[in-house]
Amino acid sequence: MADERKHQDPPLTTQFPRPTMGERSPSPPPSNKMSSSHQLPSPPHTMSPERRILVEKSLKRKLDTRCSLFVLIYIMNYLDRNNIAAARLRGLQDDLSLDDQQYATCLSILYVGYILMQIPSNIVINLISRPSLYISIVMLIWGLISTLTGIVTNFSGMVGTRFLLGFVEAAFLPGALLILSKWYTRKELTTRNAILFCGNLISNAFSALIAAGVLSNMQGVLGHAAWRWLFWIEGGLTMAVAISAAFILPDLPTNTRGFTEEELYVAQLRMTEDVGEEDKDAEGQKIFDGFWMVVRDWKVYVMMLTFTAYTVGLSFNAFFPSLTQTLGFSYVPTLLMSSPPWAFACAVTLVVCWHSDRTQEKFWHITLPMVGGLIGFLICMATLNTAARYVALFLQASSYAGFVVFYSWISSSFPRPPAKRAVALAAINAFSQLGNVAGMYVWDLKEDGYRKSYGIVTSMFGAAIFGCWVFRTILSRLNKQMEREEATAAADGRVPDGEKTEGVVTGSETEDGAAVGLRVAMPFRYLL
C-alpha cells in the first residue's frame, strides 16, 4: 500500500482532507484555496451550482446515449462466442466428427485465449487516448474470426479459431468496464454495468431466435450446412457494428469529441469528488506499476477465487439450449423456449442493479440472486417434470443479476489509481475464466437430466456466497479502521466538523478566483 500512497492527491474540496483506499496521508491544514500542485482543471468560465446541475444533466444524457452502443457490442460479443451451442443442435458436432470431450475442448479453449489477453489489453487501453478506436479494431478482428469459423472442417480447425476468438474478444469486456468507470461515479456505475450486461442477457435470448431462423431456413443453401451460415451471418453483422464504434463510443473525460468544454470539465470534477482524488495516474508512473499494485493487494485474490466459483456456477449458460432440450421438444421449439428465461433475467438484473445503486449496497444484491439460482438448481435435481424444470431455468438465468453487481463491486473496491483499477478488473475477470474452462466439462454428466452437473454448480454457488461474505467482512474492517483513524485525527483538531456533510452543492473558488459548483462528499468508504 505504500506504493499507492504516492498516487493519492489531496481532496477537491477546500474544507477537509479525505482518506483513500484504507490509508491516510498526512493531512494538510484546512485552507480556502487549492494547493497549487493539485488544483482542479481550470473551469471554462464562472460556473454556479445551478449551472453545474444543468451541465451535468446534459453530460449524462449524451454519455448514456453514446455508451448504449456497448450493449449492442456485447450482444455481438456473446452471439459470436455462444453460437456454437446452437450450431451443435443442427449438426456441427456430427459434421466435424467431434466426440463430447472434443466438443467441450472447443468450448473451453476460447477461455484460454481470453485469460491470456485480458491483463495486457487493459494495460494498453489505460494508456491510450482513443480507447474507442482500439475497441473498434478489436471488434472488427473478432468478427472476421467468427466468420472464418464457418469454413472449418475438423477438430483442429475449430480449436484454432475458437482460441483466436477468445484471444481477441478478451479486450472488450474489461475495456468497456474501465471506460465506464472513468465516466460514472460509484452511485451510477452498477446501473450502467447492468445496462451493459443486458447485452449479454439479450444475446442469450436473441441468439436462440436468430439461430432458429437461420438453422431452419438455410440448410443446403448454396450447398452449405445451416450451421455454417449461422457463423457467416453473425460474423458479418459484428464487423458492420465495429465500424460505427470508432465514431460513437466515448474516449476519456479529457478529450472526447462531441462534448462541450463545460461538460468535459464537469465530467472530470465528478470523478474527483466521488473518491476524493483525481482519476489519473501519477506523473512518471511506469507502465507495470498498476500490475504490481494488484499483485501486492491480497483483497484481489479473495475476489479472484470468489468470482471463479461464481463463474463455474454460471457455466450452464453455454449449455442452455441443451438444458432446455431436456424438456423433450424438437430443436426449433427448444431454441424458441430458450429465449424467455433470458428476457426475464434482463428485467431482474436491471431492477437489482438499480436498487444496489440506490442503496449503495453490494453483498445482498449479489448473494440473493445466487440463492434464486440455487433454488433453480435444486428443482432440476429433484424432478424431471417439464413445467417445474422450465420455471427452474428462469431462476437459474436470473442469478446473473448478482454477477453484474459483482463487477461494480470490483471497481468500487479498487477505485484509484486508474492503472490499478484497470489491472484489477482485468486480472479478476481473467482468472475467473478458469471457471468457464472447468465449467465446459461439468455438463458432460447427462444422466437424469444433468443431475450430477447441477450438484456441482450448486456447490460452486455455495462457495461463492461464502467468498462474498469473507470479502464483505474484510471491507467492513477496513472501514472501521478508517473511522478510528479519523476519530483520532479529529481529536487532534485536524478534521473539521463539516467533514460528514454529503451531497451538498457549494460555491467554491479555484486559485484564479473562478467559481466552481463543488459537492462536499463524505470521506471514502468501501461499499459493502
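Residues numbered from 1 in each chain as written. Predicted model: local features only at pLDDT ≥ 70, side-chain atom pairs only at ≥ 80, totals over all residues. Heavy atoms only, no water.

1. Examining the overall build of the chain
The helix and strand inventory of the chain stands at 21 helices and 2 strands. Each of the 528 residues in the chain was classed as buried or not, and the buried ones make up 60%. In the chain, 80% of the contacts between residues at least 6 apart in sequence involve partners at least 24 apart. By element, 64% of the accessible surface of the chain is carried by carbon and sulfur atoms, the whole surface being about 19900 Å². (Helix = DSSP H or I, 4+ residues; strand = E, 2+ residues; numbered from the N terminus. Buried < 20%, exposed > 50% of the residue type's maximum accessible area, 1.4 Å probe, protein only. Contact = heavy atoms within 4.5 Å. Areas by Shrake-Rupley, 256 points an atom, 1.4 Å probe, with all protein chains shown as cover.)

2. With respect to the packing of aromatic side chains
Overall, the coordinates contain 37 aromatic pairs when judged by the stated rule. Note on tryptophan 227 and phenylalanine 231: the rings are 6.1 Å apart at their centroids and 90° apart in plane angle, and the pair reads as edge-to-face. Taken together, the residues span about one helical turn, with tryptophan 227 and phenylalanine 231 both in helix α10 (residues 226-248) at a distance of 4 residues. Here phenylalanine 403 and tyrosine 407 contribute two aromatic rings whose centre-to-centre distance is 5.3 Å and whose plane-to-plane angle is 90°, an arrangement assigned as edge-to-face. A residue pair is termed a helical-turn pair when its members lie 3 or 4 positions apart in one helix, as phenylalanine 403 and tyrosine 407 do in helix α19 (residues 400-413) at 4 residues. Accessibility assignment for this pair places phenylalanine 403 and tyrosine 407 in one class, buried. Just above the ring of tyrosine 103 sits the side chain of arginine 88; from NZ or CZ to the centre is 4.2 Å. (Phe/Tyr/Trp six-rings, centres within 6.5 Å; stacked < 30°, edge-to-face > 60°. Lys NZ or Arg CZ within 6 Å of the ring centre and 35° of its normal.)

3. Regarding the nonpolar core
Proteins that are soluble and globular tend to have nonpolar side chains buried together. Counting residues in hydrophobic clusters, the biggest one holds 149 residues, and the most contacted among them are Phe70, Phe172, Leu196 and Tyr310. For this core, the element with the highest residue contribution is helix α3 (residues 69-88), accounting for 13 residues. (Core = buried A, V, L, I, M, F, W, Y, C linked by side-chain atoms within 4.5 Å.)

4. A few points about a nonpolar patch on the surface
Together, Phe288, Trp292, Val295, Trp298 and Tyr301 make up a nonpolar patch on the protein surface, roughly 550 Å² of accessible area in all. Mapped onto the elements of the fold, tyrosine 301 is located in helix α13 (residues 299-313). (Patch = residues over 30% accessible without salt bridge, like charges linked within 9 Å, V, L, I, M, F, W, Y side chains within 5 Å. Salt bridge = Lys/Arg side-chain N within 4 Å of Asp/Glu carboxyl O.)

5. Remarks on the confidence of the model for the chain
Looking at the chain as a whole, its pLDDT mean stands at 81, while 83% of the residues score no less than 70. For the chain, strand β1 (residues 504-509) is the element with the lowest average pLDDT, namely 40, and helix α17 (residues 363-382) is the one with the highest, namely 96. Residue range residues 1-39 is modelled with pLDDT below 50. Its contacts to residues more than four positions away, or to other chains, number 107 contacts. (pLDDT = per-residue confidence, 0-100.)

6. Quick look at the packing of helix α6 (residues 131-148) against α10
Relative orientation of the contacting elements α6 and α10 amounts to 170°, with a least axis distance of 8 Å. Taken together, the axes of α6 and α10 lie roughly antiparallel to each other. In this structure, α6 meets α10 at a crossing whose hand is left-handed. Where α6 approaches α10, its residues Ser132, Leu133, Ser136, Met139, Leu140, Trp142, Gly143, Leu144, Ser146 and Thr147 are matched on the opposing element by Phe231, Trp232, Gly235, Gly236, Thr238, Met239, Val241, Ala242, Ile243, Ala245 and Ala246. (Axes fitted to C-alpha atoms, helices over the stretch in contact; angles between N-to-C directions. Parallel < 35°, antiparallel > 145°, perpendicular 65-115°, else oblique. Left-handed = near helix turned anticlockwise from the far one by under 90°.)

7. Description of the environment of asparagine 126
Mapped onto the secondary structure, asparagine 126 falls in helix α5 (residues 100-127). A C-alpha to C-alpha distance of 9.5 Å links asparagine 126 and arginine 421, two positions 295 residues apart in sequence.

8. Digging into unusual backbone geometry
A negative phi angle characterises most non-glycine residues, just as the trans form characterises most peptide bonds. Its identity as a non-glycine residue notwithstanding, leucine 222 has a phi of 55°, on the positive side. With respect to the helices, strands and loops of the structure, leucine 222 is situated in the loop between α9 (186-217) and α10. One non-glycine residue, aspartate 448, lies in positive phi territory at about 55°. Looking at where aspartate 448 falls in the secondary structure, it is placed in helix α21 (residues 447-491).

9. So, the environment of leucine 395
Positionally, leucine 395 belongs in helix α18 (residues 386-398). What makes leucine 395 partly exposed here is its relative accessible area of 24%. Each C-alpha atom, one on leucine 395 and one on isoleucine 379, is 9.8 Å from the other, the two residues being 16 residues apart in sequence. Excluding anything up to four places from it in sequence, leucine 395 contacts Gly372, Gly373, Ile375, Gly376 and Ile379.

10. Details of α18
With 13 residues, α18 should cover 18 Å at 1.5 Å per step; its first-to-last C-alpha distance of 19 Å lies within 8% of that length. In this structure, the buried side of α18 is in contact with α14 (320-325), α15 (331-337), α16 (339-359), α17, α19 and α21. (Expected span 1.5 Å × (residues − 1).)

11. Thoughts on α9
Helix length check: α9, at 32 residues, gives a terminal C-alpha distance of 47 Å against a target of 46 Å (1.5 Å per residue), a fit within 8%. Along α9, the largest kink reaches about 30° and is centred on serine 203. Of all 32 residues making up α9, 23 are buried, and the element is well covered by its neighbours. (Bend = angle between axes of the 7 residues up to and from the residue.)

12. So, the pattern of salt bridges
For the coordinates displayed, the defined rule picks out 16 salt bridges. Among the salt bridges present, the one from glutamate 188 reaches lysine 60, with a minimum N-O distance of 3.3 Å. In this pair, glutamate 188 is assigned in helix α9 and lysine 60 in helix α2 (residues 49-67), connecting sequence segments 128 residues apart. Here the salt bridges do not stand alone but share partners, grouping Arg52, Glu56, Lys60, Glu188, Arg270 and Glu273 into one network.

13. Let's talk about the side chain of lysine 420
With respect to the helices and strands, the residue lysine 420 is situated in helix α20 (residues 418-442). A distance of 2.7 Å separates polar atoms of two side chains, one belonging to lysine 420 and the other to aspartate 297. (Polar contact = N/O pair within 3.5 Å; in protein donor to acceptor, adjacent residues only side chain to side chain.)

14. Focus: the side chain of arginine 192
One can find arginine 192 in helix α9. Contact partners of arginine 192, with chain neighbours within four places excluded, come to Asp64, Leu180 and Tyr184.

15. Regarding the environment of aspartate 274
In this fold, aspartate 274 is placed in helix α11 (residues 261-275). Not counting the four nearest positions on each side in its chain, aspartate 274 is found in contact with Thr185 and Arg186.

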